[in-house]
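Below, each chain spelled out in residue letters.
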Amino acid sequence: MKKSICLYFQVHQPTRLRQYRFFDIGKDSHYYDDFANRTILKRIAQKCYLPMNELLLEAITKTKGKFKVAFSISGSALEQFDRYAPEVLESFRRLAATGKVEFLCETYYHSLASLAAPTEFKHQVEKHKAHIQDAFGVTPTTFRNTELIYSDAIARQVYDLGFKTMLTEGARHIMGWQSPDFIYTAESQPKLRLLLRNYGLSDDVAFRFSNKSWNEWPLTAEKFAGWLNEADGDIVNLFMDYETFGEHQKEESGIFDFMRALPAAVLAQGMDFVTPAQAVRNIKPVASLSVPDPISWADEERDLSAWLGNELQQDAFNKIYRLTEKLAIIADPELWADFGHLQESDHFYYMCTKFFSDGEVHKRFSPYDTPYEAFINYMNVLSDFIIRTNYAEQQI
Amino acid sequence: MRVLMFGWEFPPHIAGGLGTACEGIVKGLAHNGVETLFVMPNASGDEDQSATTIINASDVEVRNVSTTVEEFINKVKFLYVDSNIVPYVDPDEYYEAIEKMKAQSLTETSVGFGQKFKFSGKYGSNLMEEVSRYAQVGGTIAMQHVDEFDIIHAHDWLTYLAGIAAKELTGKPLVVHVHATSYDRGDEKHIDTRVLDIETRGMMAADRVVTVSDLTRNIVINKYGIDPSKVVTVHNAVDFSGREDITVERGVKDKVVTFLGRITFQKGPEYFIDAAAKVLKRTKNVRFVMAGSGDMMNRAIRQVARLGISDRFHFTGFLRGADVQKMFALSDVYIMPSVSEPFGISPLEAMRSGVPSIISHQSGAAEVLKYALKVDFWDVDALADDIFALVSYPALTEFASKQGYDEVNELKWNGATAKLKKVYESLI
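Residues numbered from 1 in each chain as written. Chains lettered and ligands numbered in written order. Predicted model: local features only at pLDDT ≥ 70, side-chain atom pairs only at ≥ 80, totals over all residues.

Q: Could you clarify how one ought to interpret the overall build of chain B in this entry?
A: Scanning chain B from terminus to terminus reveals 14 helices and 13 strands. The buried share of chain B, taken over its 428 residues, is 53%. (Helix = DSSP H or I, 4+ residues; strand = E, 2+ residues; numbered from the N terminus. Buried ≥ 20, exposed ≤ 12 C-beta atoms within 10 Å, placed from the backbone.)

Below, the structure is given as structure tokens:
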């Protein structure tokens, strides 16, 4: 059987908070740093989204549709495209029109709702699904949770929401001797198929590509296709942030040339490209996987410690999700939107205090100087939000 | 009577409270008929000189320094400065200064006969060098003005060496003013021995040691071994003239309980947090604010999160200027749970804004504030009780607010400096 390569790119932009001081609580309910959000989005649109979309469109045309990819675009990112860079949305629509691009479903706000409140999780999944249908005219059938967070419990919820396929991390502590390069089923829900990220090969592109002290540098498409071919399973899942292309790995590193050459190199070695939905149609599962404790694709630990590892994160998390029931009975679109944006996992990520090695990565993506500042600012915003919520509740 | 006074800073350019206190003192002394020549390392020229004459040490050429003075100056030259050794300075300011100083290279600049030394007058990493240079220049100034003063008065350890030099060269009596001691700056294991040495030397050489509270007086006597008969307490006062009352619109309906100051061991932040958690178990209509920064801030944030009260306990970071007044105006209760506080001017500021205050018995301010509520810093239950009472019983709140306001308005430098004048008189 032909080996398949499954490419999935995550597109997400957080709704960064402005500096929100104690003095603002109860007085000012605009929480977002619109300037930073616009500036960053416009920069990444120029450096990554627009050129890379163009490149992928060309690859699909050139290979007559043999090249395929999947995207998951968070609702937060879609909102920012709509507001600051509608041309990016247009270019994603052109990709959608080829029929060779699968759009996955996730929580609209790129949130941790799957760990907190089933009702809120369901609400956000359905909101995202509707939004994708609206934007691209396709109905997502594959689910990927925020940061590939996955557990047996989440698998059951996802299946109950109508999905037959889910993406997650091929975490070493879960896989043991097993290879991520096959299709698995969820132990808690045997009808749910799992596609597992091959983190070694994914990170060769996402993290190591431009690292000149890496002994495989420079990485060429031919060499990489050779590695893909050597993998002994049915499918190699290359999952990464879309911002890898042009943002994390700069244009000067040759990342675009690499991606331009990759489709032909893969096809030349007799492999093919699949989207997640096709993969589960073509390939039979080999075993089931049991994941009692949640895993993710983040950091060395591949667990939740990037978002809920310290007491700051846990308290902030508990405080916001305690509001879920209250908000369910308040019909206020503005409150709902703020509630969603405040749930974005990035806010919790900024509070991470794992200072060594992985902490560096956190710091690089954080608008704050320290995790403590991130926490203080978030809690000030949340305190204002709680006041508004309580007020709205009293009005009912 | 005329006094040659050595200070480190003077409003408007101040990093801490030492300059403010010095201004209050020279104005109070002027009111009591005492003239002052105020020496400072780096004057800007825009200081208010209505009550004193300011001498800028940076403008003075060094000359006629006796060998005995040089000898002790040499001993303290070029020492690295550790944090927390300066009174009333916020750590943010301190670290800013340190970072700036690090950027410059520290080369030994020898100042010889006929040269001027340009002081920064800040609290940077070459502070020790400045302190010893200041002594050198201080001696010169004392000689130049030898006929213009009867008494030498030096404020805090930064200026003690200058005071000693002036005394050695002129033979006039020396008063040193203790605003803080090394024992208030952290636990005893981490005391900077070079600062301790200068403090001890200054107190030993002084004819009178003035302390800002009896608490500090006891430390001076017991820890520094100074003869009790020459140690006199003159409590700090506060000058509210020219202060405009500000009104701010409140964003939150809840009562606000505030801690404002450095978040360091000495200020007792953890007792405030523990008390907050206890109060929140009984009533929800209250918020807590910790305003300031310091080396215990991150620990404090974690403590708040661990107790699960971070939606009711807020941090503002370091506040400057008008934001401090704004914070007081937004507060219903002010807390100063200091473990060790020579005086502590902030509850006076709070009470002046009509905010009832709870302060620890371990603060100098507790000796003068009858209408502040007082607890031992470690007695978290008592602190929680008092907070609860002040946010729950309006009769108590109004009483403490009204009486406290009147009380702090009576704490004037005119009275404090009248006592200081008596100290001077006993030496001539």
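Structure shown, so let's carry the discussion forward.
Q: Would you mind showing me how to read the overall build of chain A here?
A: The helix and strand tally for chain A stands at 17 helices and 10 strands. A compact globule built from 396 residues would reach a C-alpha radius of gyration of about 21 Å, and chain A, at 21 Å, matches this within 12%. For chain A, the residues scored as buried account for 49% of the 396 residues in total. (Rg over C-alpha atoms; globule rule 2.2 N^0.38 Å.)

Q: Help me understand the interface of chain A and chain B in this model?
A: Frequently, the measure chosen for interface size is the accessible area that the parts lose on association. Contacts between chain A and chain B engage 22 residues on the former and 15 residues on the latter. Contributing elements (two or more residues each) for the side of chain A that touches chain B: helix 12 (311-321) and helix 17 (371-395) of chain A. By residue number, the principal contributor to the side of chain A that touches chain B is helix 17 of chain A, which donates 9 residues. (Contact = placed C-beta atoms within 7 Å.)

Q: What is the right way to read unusual backbone geometry from this model?
A: Of note, the bond from Trp217 of chain A into Pro218 of chain A is cis; its omega dihedral lies within 30 degrees of zero at -5°. One can find Pro218 of chain A in the loop between helix 7 (199-206) and helix 8 (221-230). Of note, the amide linkage connecting Pro11 of chain B to Pro12 of chain B takes the cis form, showing an omega dihedral of 10°. As for its position among the elements, Pro12 of chain B is in the loop between strand 1 (2-6) and helix 1 (18-31). One non-glycine residue, Lys64 of chain A, lies in the positive phi region at around 55°. With 8 C-beta atoms counted inside 10 Å, the residue Lys64 of chain A sits in the exposed group. At Glu147 of chain A, a residue that is not glycine, the phi angle is positive and equals roughly 55°. You can see Glu147 of chain A is positioned in the loop between strand 4 (142-144) and helix 5 (152-160). The buried category is assigned to Glu147 of chain A, around which 24 C-beta atoms lie within 10 Å.

Q: Honestly, the domain arrangement of chain A in this entry has me stumped. Any pointers?
A: Residues and elements named next belong to chain A. When the domains of chain A are assigned, the result is domain 1 (4-289) and domain 2 (305-395). Taking the mean C-alpha position of each, domain 1 and domain 2 sit 24 Å from one another. With 27 residues of domain 1 at the contact, the number on the domain 2 side is 22 residues. Tallied by class, residues from the side of domain 1 that touches domain 2 come to 13 nonpolar, 9 polar and 5 charged. (Domains from an automatic or database assignment. Nonpolar A, V, L, I, M, F, W, Y, C, P; charged D, E, K, R; others polar.)

Q: Even after reading the chapter, I still don't get the packing of helix 8 of chain A against helix 9 (residues 255-268) of chain A, so can you show me in this structure?
A: Angle between the axes and distance between the axes: these two values describe a pair of packed helices. Residue and element names in this part refer to chain A. It is at 8 Å that the axes of helix 8 and helix 9 come closest, and there the two elements cross at 45°. With respect to helix 9, the axis of helix 8 lies oblique. Note that helix 8 runs across helix 9; the crossing there is right-handed. Touching Ala221, Glu222, Phe224, Ala225 and Leu228 of helix 8 are Phe258, Ala261, Leu262, Ala265 and Val266, all from helix 9. Partitioning the contact of helix 8 with helix 9 into residue classes produces 9 nonpolar, no polar and 1 charged. (Axes fitted to C-alpha atoms, helices over the stretch in contact; angles between N-to-C directions. Parallel < 35°, antiparallel > 145°, perpendicular 65-115°, else oblique. Left-handed = near helix turned anticlockwise from the far one by under 90°.)

Q: Quick question: what am I supposed to make of the confidence of the model for chain B here?
A: A low pLDDT score tells you not to read the predicted coordinates there in detail. Residues and elements named next belong to chain B. Predicted confidence across chain B gives a mean pLDDT of 85, with 86% of residues reaching 70 or more. Confidence scores differ between elements of chain B, with helix 2 (residues 67-76) showing the lowest mean pLDDT of 46 and strand 6 (residues 208-211) the highest of 98. Note that pLDDT drops below 50 for residues 101-112; the model gives that stretch 10 contacts with residues more than four away or on any other chain. For this predicted complex, the interface confidence comes out at an ipTM of 0.79, alongside a pTM of 0.83. (pLDDT = per-residue confidence, 0-100.)

Q: Got a minute to help me understand the pairing of strand 2 (residues 69-73) of chain A in this structure?
A: Looking down a regular strand, the side chains alternate between one sheet face and the other. Residue and element names in this part refer to chain A. Summarising burial for strand 2: 5 of the 5 residues are buried, a large majority. Neither face of strand 2 is left uncovered, since the one carrying Val69, Phe71 and Ile73 and the one carrying Ala70 and Ser72 both have all their residues buried. With respect to chirality, the unit in which strand 1 (residues 4-11) leads through helix 1 (residues 34-62) into the neighbouring parallel strand 2 is right-handed. Across 3 bridges, strand 2 lies against strand 3 (residues 101-103) in parallel orientation. (Right-handed = clockwise from strand over helix to strand, strands pointing away. Pairing = 2+ DSSP bridges.)

Q: What's the story with the sheet that holds strand 1 of chain B in this structure? I'm lost.
A: Two orientations exist for strands paired in a sheet by backbone hydrogen bonds: parallel and antiparallel. Residues and elements named next belong to chain B. Read from one edge to the other, the open sheet built from 7 strands follows the order 3-2-1-4-5-6-7, with strand pairing classed as parallel. Bordering the open sheet on either side are strand 3 (53-56) and strand 7 (231-233), each of which pairs with just one other strand. Between one strand and the next, the sheet's axes are offset by a mean angle of 25°, whatever the strand orientation. Set on the sheet, helix 14 (residues 413-425) makes contact with strand 1, strand 4 (151-155), strand 5 (174-178), strand 6 and strand 7; between it and strand 6 the angle comes to about 170°.

Q: Would you mind showing me how to read the domain arrangement of chain B here?
A: All names here are of chain B. On domain assignment, one finds that chain B holds domain 1 (2-238 + 413-425) and domain 2 (255-410). Facing the 18 residues of domain 1 at the interface are 17 residues of domain 2. For the side of domain 1 that touches domain 2, the secondary-structure elements that each account for two or more residues are helix 3 (91-103) and helix 7 (214-222). With 3 residues, helix 7 is the largest single contributor of residues to the side of domain 1 that touches domain 2. Class assignment of the residues belonging to the side of domain 1 that touches domain 2 gives a composition of 5 nonpolar, 8 polar and 5 charged.

Q: Teacher, can you tell me more about the pairing of strand 2 (residues 35-40) of chain B here?
A: Residues and elements named next belong to chain B. Within strand 2, 5 of the 6 residues are buried, which leaves the element mostly enclosed by the surrounding structure. For strand 1 and strand 2, the ladder comprises 5 bridges, and the chain directions are parallel. Bridging from a neighbouring strand, Leu4 pairs with Leu37 of strand 2. When strand 2 meets strand 3, the two strands line up parallel, connected through 4 bridges. Paired with Phe38 across the strands is Ile54, a residue of strand 3.

Q: Help me understand the environment of Thr141 of chain A, please; the structure alone is not making it clear to me.
A: Residues and elements named next belong to chain A. Within the secondary structure, Thr141 sits in the loop between helix 4 (118-136) and strand 4. Note: C-alpha distance between Thr141 and Pro276 (135 residues apart in sequence) is 9.3 Å. The contact partners of Thr141, leaving out residues within four places of it in the chain, are Phe163, Lys164, Thr165 and Ala277.

Q: In this structure, what is going on with the sheet that holds strand 7 (residues 189-197) of chain A? I would like to understand it.
A: All names here are of chain A. Strands sit in the order 4-5-7-6-10 across an open sheet of 5 strands; the sheet is mixed. Both edges of this open sheet fall to strand 4 and strand 10 (285-289), since each of them pairs with a single strand only. Each strand axis lies, on average, 40° off the axis of its neighbour in the sheet, ignoring direction.

Q: When you look at the environment of Asn32 of chain B in this model, what are you seeing that I'm missing?
A: Residues and elements named next belong to chain B. Turning to its location among the elements, Asn32 is positioned in the loop between helix 1 and strand 2. C-beta crowding within 10 Å serves as the criterion here: with 19 such atoms nearby, Asn32 is assigned to the partly exposed category. C-alpha of Asn32 to C-alpha of Gly139: the two residues are 107 residues apart in sequence and 27 Å apart in space. In this structure Asn32 touches Asn414, Thr417, Ala418 and Lys421, once residues within four positions along its chain are discounted.

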